[in-house]
Amino acid sequence: MCNIGNALHRDTRAVLTDMEQPLGMAVGNALEIKEAIATLHGKGPKDFTDLCLRSGAIMLEQAKITSNEQEAMEMLKQTIKDGSAFNKLREMVIAQGGDVSYIDHPEKFEESKYVVEVKAPKDGYVKRIVALEIGESAMRLGAGRETFDDVIDMSAGIVLSKKVGDKVNKGDVLCVVHTNVENREKILKDIENAFKIVDEFVEVPPTVHDYIH
């Protein structure tokens, strides 16, 4: 894709990101919106915040607003600090006819009937969190569609408590499941199995592995 774009004299770049686990902590519609709001208040997950800043920095460089990544990163961090990034989100929601009160008060989003903890079956270190399994499990919890006629439950999803590289003890909470599904034991087991826990120490992986341009 970069070769095609650059051959047409368009500044085209790609970011190769880590796929050994979900990005951020939240998986699911309202849960992800809450995470995005928290991130714009400077309280988002480290990996998600890092990728947003790096991606934004590339766009600022492409637009010739800044001359290097560091300058762009500082500019973006300032928009979070002074609240202008969050205000821009509010403007976007208002422009599209949305109810901005949900952005100002994310606690207004509907909550699932069931909030269930999935716990570590043993001591160790998290080596991998299978993103595909987490995504499919979230769908089965109601957060996505398996068929065209399925109705999405905006409150459903998964919020991770542990990430790759974290040390866990047996019984520690790996993630919290939000759902209105009654028969969910198989889904919960699949979510538990998505966390690959090993005995040896695991390094925290970088969010960005490489750039292509």
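Residues numbered from 1 in each chain as written. Predicted model: local features only at pLDDT ≥ 70, side-chain atom pairs only at ≥ 80, totals over all residues. Heavy atoms only, no water.

J.: Would you mind going over the nonpolar core with me for this structure?
T.: Nonpolar side chains tend toward joint burial in soluble globular proteins. Judged by nonpolar contacts, the single largest core of 30 residues is most densely connected at Ile134, Ile158, Val177, Ile191 and Phe195. Listing elements by their share of this core, those giving two or more residues are β3 (114–119), β4 (124–129), α7 (131–143), β5 (157–160), β7 (173–179), α8 (185–194) and β8 (195–198). Apart from the residues within four sequence positions on either side, Phe195 is in contact with Val126, Arg128, Ile129, Ile134, Leu160, Lys162, Leu174 and Cys175. In this structure, Leu53, Leu60, Ala72 and Ile80 belong to the second largest nonpolar core, which totals eight residues. (Core = buried A, V, L, I, M, F, W, Y, C linked by side-chain atoms within 4.5 Å. Buried < 20%, exposed > 50% of the residue type's maximum accessible area, 1.4 Å probe, protein only. Helix = DSSP H or I, 4+ residues; strand = E, 2+ residues; numbered from the N terminus. Contact = heavy atoms within 4.5 Å.)

J.: So what exactly am I meant to see when it comes to helix α2 (residues 29–40) here?
T.: Given 3.6 residues per turn, any residue in an α-helix points the same way as the ones three and four places further on. Look at α2: 17 Å from first C-alpha to last across twelve residues, which is about the 16 Å you get at 1.5 Å a residue. Residues Ala30, Leu31, Glu35, Ile37 and Thr39 constitute the buried set of α2. In the segment just after α2, Gly42 is the residue with positive phi, at about 80°. (Expected span 1.5 Å × (residues − 1).)

J.: What is the right way to read the side chain of Thr39 from this model?
T.: Here Thr39 is to be found in helix α2. Discounting residues that sit within four places of it in the chain, Thr39 has contacts with Gly44, Pro45, Phe48, Thr49 and Ile80.

The analysis is restricted to geometry; functional conclusions fall outside its scope.
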